[in-house]
Amino acid sequence: MAFDYNKYLRGGKLPHIWCPGCGYGIILKALIRAIDGLGWTKDETVIASGNGCASRRPGYVDFNTLHTTHRRSLAFA
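Owing to the predicted nature of the structure, the values given are computational and were not obtained by experimental measurement.

A. Focus on the overall build of the protein. Scanning the protein from terminus to terminus reveals three helices and two strands. Each helix and strand of the protein, ordered N terminal to C terminal, gives the series α-β-α-β-α. On C-alpha atoms alone, the protein measures out to a radius of gyration of 13 Å, which is about the 11 Å that the 2.2 N^0.38 rule sets for 77 residues. With respect to the three principal axes, the spread of C-alpha positions in the protein is 40 × 30 × 20 Å. Residues classed as buried in the protein amount to 23% of the 77 residues present. In the protein, the proportion of contacts linking residues at least 24 apart, taken out of those at least 6 apart, comes to 55%. In the form shown here, the protein has an accessible surface area of approximately 5,400 Å², with 56% of it arising from carbon and sulfur atoms. Where the 10 positive side-chain charges of the protein centre and where its 5 negative ones centre are 13 Å apart.

Cut-offs applied
- Residues numbered from 1 in each chain as written.
- Predicted model: local features only at pLDDT ≥ 70, side-chain atom pairs only at ≥ 80, totals over all residues.
- Heavy atoms only, no water.
- Helix = DSSP H or I, 4+ residues; strand = E, 2+ residues; numbered from the N terminus.
- Rg over C-alpha atoms; globule rule 2.2 N^0.38 Å.
- Buried < 20%, exposed > 50% of the residue type's maximum accessible area, 1.4 Å probe, protein only.
- Contact = heavy atoms within 4.5 Å.
- Areas by Shrake-Rupley, 256 points an atom, 1.4 Å probe, with all protein chains shown as cover.
- Lys, Arg positive; Asp, Glu negative; His and termini not counted.
- Charge placed at Lys NZ, Arg CZ, Asp CG, Glu CD.

This is the structure:
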């Protein structure tokens, strides 16, 4: 049975805009699988980000998200 990533993604956001081979798409996939494996719901999950390419990750997922300033995402979370 194939894993359904769509239940965790915001509609209309794919394909992602990361550069081919950069790894952020793989990290996003691993993050979604880990959250699903832990059994966390969307309401129990917060994704915080700073700036740069990694900051685009919250835009793709349908969780509670927070976009913050550079190097301050943990403090805001």
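Don't stop here, the text continues.
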